[in-house]
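Spelled out, the chains give:
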Amino acid sequence: MTLDIAGLSLLMGAAVGVVLALTGAGGGILAVPLLVFGLHLRMAEAAPIGLLAVGLAAALGALLALREGIVRYRAALMIGLTGMAVAPLGVRLSQLIPNEPVMALFALVLAWVAWRNLRQGRRAPSPVAPPSRRLPVCAMNPTTGRLTWRAPCTAMLGLTGALSGLLSGLLGVGGGFVIVPMLSEISNVPARGVVATSMAVIALVSVGGVLGAATQGSLDWAVAAPFAAGAVLALLAGRQFSSRWSGVRLQQAFGLLAGTVSVLMLVRAWGG
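So, here's what we can say about the structure.

So, how was this worked out
Residues numbered from 1 in each chain as written. Predicted model: local features only at pLDDT ≥ 70, side-chain atom pairs only at ≥ 80, totals over all residues. Heavy atoms only, no water. Helix = DSSP H or I, 4+ residues; strand = E, 2+ residues; numbered from the N terminus. Buried < 20%, exposed > 50% of the residue type's maximum accessible area, 1.4 Å probe, protein only. Contact = heavy atoms within 4.5 Å. Areas by Shrake-Rupley, 256 points an atom, 1.4 Å probe, with all protein chains shown as cover. Expected span 1.5 Å × (residues − 1). Bend = angle between axes of the 7 residues up to and from the residue. Core = buried A, V, L, I, M, F, W, Y, C linked by side-chain atoms within 4.5 Å.

### Regarding the overall build of the chain
- When helices and strands are counted, the chain shows 11 helices and zero strands.
- Reading the helices (α) and strands (β) of the chain from amino to carboxyl end gives α-α-α-α-α-α-α-α-α-α-α.
- Burial status across the chain gives 50% buried among its 272 residues.
- Counting contacts in the chain only where the partners sit at least 6 residues apart, residues at least 24 apart contribute 83% of the total.
- On the chain, roughly 13,000 Å² of surface is accessible, and the fraction owed to carbon and sulfur atoms is 68%.

This is the structure in structure tokens:
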């Protein structure tokens, strides 16, 4: 029975790693539903396992991107350290709040992610983007690749970290669905740099959530270890195909998948 659970955990982790490789941030939000439906875990049990897998896979992706020089590491540290400080609070809340409300909240977050992906997938890309006259809150110097740090920029980065850390600890998600749109909105960092920076933040924030869960005794290593191994191995394999399979179709497919899972989780939450 233990081998069966380990094998199933490995396969489910691999599915998360593939999605993470293709979307840059979407795999984490599917990790917890897989554990809830596949292994019938409670949210408080599934969340730290999903967070461990996503954190390790994101750390690997961030290291590879760091070698390419596209990670905005100072912004990642600011967001990540704030998230690490808040993540244990989310872990504690997940143990205090009943399973059904947490599952319903996760389903609503997943529904928002689905809606956002489907909406962006329907947008026709403009052949020539008009130049923006508005300077972003966190403007990047195109020559040095560094962000211009001002008080509003620091505040927005800190807010992003706090929100992603709270949701990471509470729901077991990496927080990429918060970090990517926030960084895209407040900065002019290119899309690849946003995703790479998001992965670095996810890796840092996951440390806080996983340590919080481990010290509070809510992390099942028999399931977590193979699940995390599958995610990391699949991420390495998936990176070979990410450039060929990325695009609008993939974004729409992920949106449909996320929407379907959100409905299933709402039904599960209401059904007790």
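So, next bit.
### What to know about helix H4 (residues 73-96)
- With 24 residues, H4 extends 34 Å from end C-alpha to end C-alpha; this agrees with the ideal 34 Å at 1.5 Å per step.
- The principal kink in H4, of about 30°, is found at Ala 85, preceding the proline Pro 88 by one to four residues.
- Considered for burial, the residues of H4 that qualify are Ala 75, Ala 76, Ile 79, Gly 80, Gly 83, Ala 87, Gly 90, Val 91 and Ser 94.
- Elements in contact with the buried residues of H4: helix H3 (43-68), helix H6 (151-171), helix H7 (176-186) and helix H8 (191-215).

### Section: the environment of Gly 255
- Within the fold, Gly 255 resides in helix H11 (residues 248-270).
- Sequence spacing of Gly 255 and Trp 115 is 140 residues, and the spatial spacing of their C-alpha atoms is 6.6 Å.
- Those residues in contact with Gly 255 that lie beyond four places of it in its chain are Ala 114, Asn 117 and Leu 118.

### Thoughts on the nonpolar core
- Counting 76 residues, the largest nonpolar core has Ile 29, Leu 35, Met 43, Phe 106 and Leu 171 as the members making the most contacts within it.
- Top contributing element to this core by residue count: H3, with 11 residues.
- Those residues in contact with Ile 29 that lie beyond four places of it in its chain are Phe 106, Val 109, Leu 110, Val 113, Val 173, Phe 177 and Phe 254.

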